[in-house]
Amino acid sequence: MTAVATCGRRCAMMSIVLAAASGALFGVGLLISGMTQPAKVVGFLDVTGAWDPSLAFVIGGAITVYSVLFRLTGRRSDPWLDLKFHLPTRNDVDLSLIAGAAVFGIGWGLGGLCPGPGLVAAASGSLPALAFVAAMIVGMLVQHRTPALAPDHHFGRSPPGGAVSRVAGGAG
Amino acid sequence: MPSSWLFALVGGALIGAAGSLLFLTHGRIAGISGVLGSLLPPVARDRGWRIAFMGGLLAVGLIGGLVSPTMIGASVRSLPIVIVAGLLVGFGTRMGSGCTSGHGVCGLSRLSVRSLVAVATFMTTGAVTASLVGGAL
């Protein structure tokens, strides 16, 4: 049960509106930052050519803002529209984490798109980006169907605990 | 070029603000691969906010493409390579529990050791791949 359930339809509407606003703001940030331009991303990752360091400022700006606001929010006992915060709790560095991140990095360096910018570019009607997103979804489905590798945080299972729900995995 | 650094900084700050908004309102980590991946089977029970978040993101892409097409860059690779890249990104982000947003922005801000390892790993393999491939494909 969530706080939405306790305050009815108005909160359910607020939940949808604010999640959509967050997604929209995220998209605007991606567009402005240059992350939706594969040439810039590859120019940042390719350190042998004319290196373009500007994308380091994207992560710098994002972390600066998020780390402050995340901590301020964390002083609350709960978020506005849910009964608890949902944070990843695993702190073991396992092979899946490293191998998965390595595979993701190869794909990112190859195409110059990560998931968010890929989705934004696809929504703009870019055919290569649509192909990228379709392939990305297939890749996700294949991963989910590989039992030994399937993410272990599926889902809706609420482990017992305090104000902070412990969801293993799932940082992004 | 200073202006592109400024755009990167402002865009990054907006990304951080968007993630903060989702955490304040929903108590959730704004990781795109996680939000999307949990809408694929086996589907998460809390679909509403995920669909809404994705809807906002996609709406901006749609509008952005109409208003300022130059913000959406052309692909730098041929279609088969783009498809391979997509497969690797989809598989890898789910296996590694996150992408640039969940690990890179939220995880590093939270000082998560797992995210630090993930970011160091995907930045390294991304840089090696882009440097080896360069403009070749």
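Thresholds applied
- Residues numbered from 1 in each chain as written.
- Chains lettered and ligands numbered in written order.
- Predicted model: local features only at pLDDT ≥ 70, side-chain atom pairs only at ≥ 80, totals over all residues.
- Heavy atoms only, no water.
- Helix = DSSP H or I, 4+ residues; strand = E, 2+ residues; numbered from the N terminus.
- Buried < 20%, exposed > 50% of the residue type's maximum accessible area, 1.4 Å probe, protein only.
- Contact = heavy atoms within 4.5 Å.
- Areas by Shrake-Rupley, 256 points an atom, 1.4 Å probe, with all protein chains shown as cover.
- pLDDT = per-residue confidence, 0-100.
- Disulfide = S-S within 2.5 Å.
- Domains from an automatic or database assignment.
- Buried area = accessible area lost by both parts, 1.4 Å probe.
- Axes fitted to C-alpha atoms, helices over the stretch in contact; angles between N-to-C directions.
- Parallel < 35°, antiparallel > 145°, perpendicular 65-115°, else oblique.
- Left-handed = near helix turned anticlockwise from the far one by under 90°.
- Patch = residues over 30% accessible without salt bridge, like charges linked within 9 Å, V, L, I, M, F, W, Y side chains within 5 Å.
- Salt bridge = Lys/Arg side-chain N within 4 Å of Asp/Glu carboxyl O.
- Polar contact = N/O pair within 3.5 Å; in protein donor to acceptor, adjacent residues only side chain to side chain.
- Nonpolar A, V, L, I, M, F, W, Y, C, P; charged D, E, K, R; others polar.

The next thing to look at is the overall build of chain B. For chain B, the count of helices and strands is six helices and zero strands. When the helices and strands of chain B are read in sequence order from the N terminus, they spell out α-α-α-α-α-α. For the C-alpha atoms alone, the extent of chain B along its principal axes is close to 45 × 35 × 30 Å. With 137 residues in all, chain B has 59% of them scored as buried. In chain B, of all internal contacts separated by at least 6 residues, the share reaching a separation of at least 24 is 41%. When the accessible surface of chain B is totalled, it reaches about 5,200 Å², and 79% of it is carbon and sulfur.

What follows covers the confidence of the model for chain B. On average, chain B scores 95 in pLDDT, and the residues at 70 or more come to 96%. For this predicted complex, the interface score ipTM comes out at 0.97, while the overall pTM is 0.91.

Turning next to the state of the cysteines. All chains considered together, the criterion is met by zero disulfides over all chains. Here A:Cys114 stays unpaired: no disulfide links it, and the sulfur of B:Cys99, its closest cysteine neighbor, is 6.2 Å away. You can call B:Cys99 buried: its relative accessible area is 1%.

Next up on the list: the domain arrangement of chain B. Residue and element names in this part refer to chain B. Under the domain assignment used here, chain B contains domain 1 (1-73) and domain 2 (76-137). A separation of 17 Å is found between the C-alpha centroids of domain 1 and domain 2. Tallying the contact residues gives nine residues for domain 1 and nine residues for domain 2. Of the roughly 610 Å² buried between domain 1 and domain 2 on both sides combined, carbon and sulfur atoms contribute 66%.

All names here are of chain A. One can describe the packing of helix α5 (residues 115-123) onto helix α6 (residues 127-144) by two numbers: an axis separation of 8 Å at closest approach and a directional angle of 130 degrees. Relative to α6, α5 is oriented oblique. When you trace α5 past α6, the crossing you get is left-handed. Together, Pro115, Gly118, Leu119, Ala121 and Ala122 of α5 and Ala129, Leu130, Phe132, Val133 and Met136 of α6 make up the contact between the two elements.

Here we come to a nonpolar patch on the surface. On the surface, a cluster of nonpolar side chains totalling about 370 Å² of accessible area is made up of A:Val138, A:Val142, B:Leu79, B:Ile83 and B:Leu87. Within the secondary structure, A:Val142 sits in helix α6.

In this assembly, 110 residues from chain A lie in contact with 108 residues from chain B. The tally of links from chain A across to chain B stands at two salt bridges. The interface formed by chain A and chain B contains 17 residue pairs in polar contact (both at pLDDT 80 or more). Of all the secondary structure elements, the ones that give two or more residues to the side of chain A that touches chain B are α1 (3-33), α2 (38-45), α3 (56-74), β1 (85-88), α4 (95-111), α5 and α6 of chain A. Examining the composition of the side of chain A that touches chain B, we find that 18 residues originate from one element, α1(A), more than from any other. Per-class residue counts for the side of chain A that touches chain B are 66 nonpolar, 35 polar and nine charged.

For the rest of this paragraph, the subject is the packing of α2(A) against helix α6 (residues 113-133) of chain B. The N-to-C vectors of α2(A) and α6(B) enclose an angle of 100 degrees; their axes lie 8 Å apart at closest approach. Considered as vectors, α2(A) and α6(B) are oriented roughly perpendicular to each other. Facing α2(A), whose interface residues are A:Val42, A:Phe44 and A:Leu45, α6(B) presents B:Met123, B:Gly126, B:Ala127, B:Ala130 and B:Ser131. When grouped by side-chain class, the residues that make up the contact of α2(A) with α6(B) number six nonpolar, two polar and no charged.

Glancing now at the pattern of salt bridges. By the definition in use, this model includes seven salt bridges over all chains. Residues A:Asp92 and A:Arg90 are paired through a salt bridge, measuring 2.9 Å at the closest nitrogen-oxygen approach. A relative accessible area of 35% means that A:Asp92 is categorised as partly exposed. Since its relative accessible area comes to 22%, A:Arg90 is described here as partly exposed. Among the charged side chains, a network of salt bridges with common partners joins A:Arg90, A:Asp92, A:Asp94 and B:Arg114.

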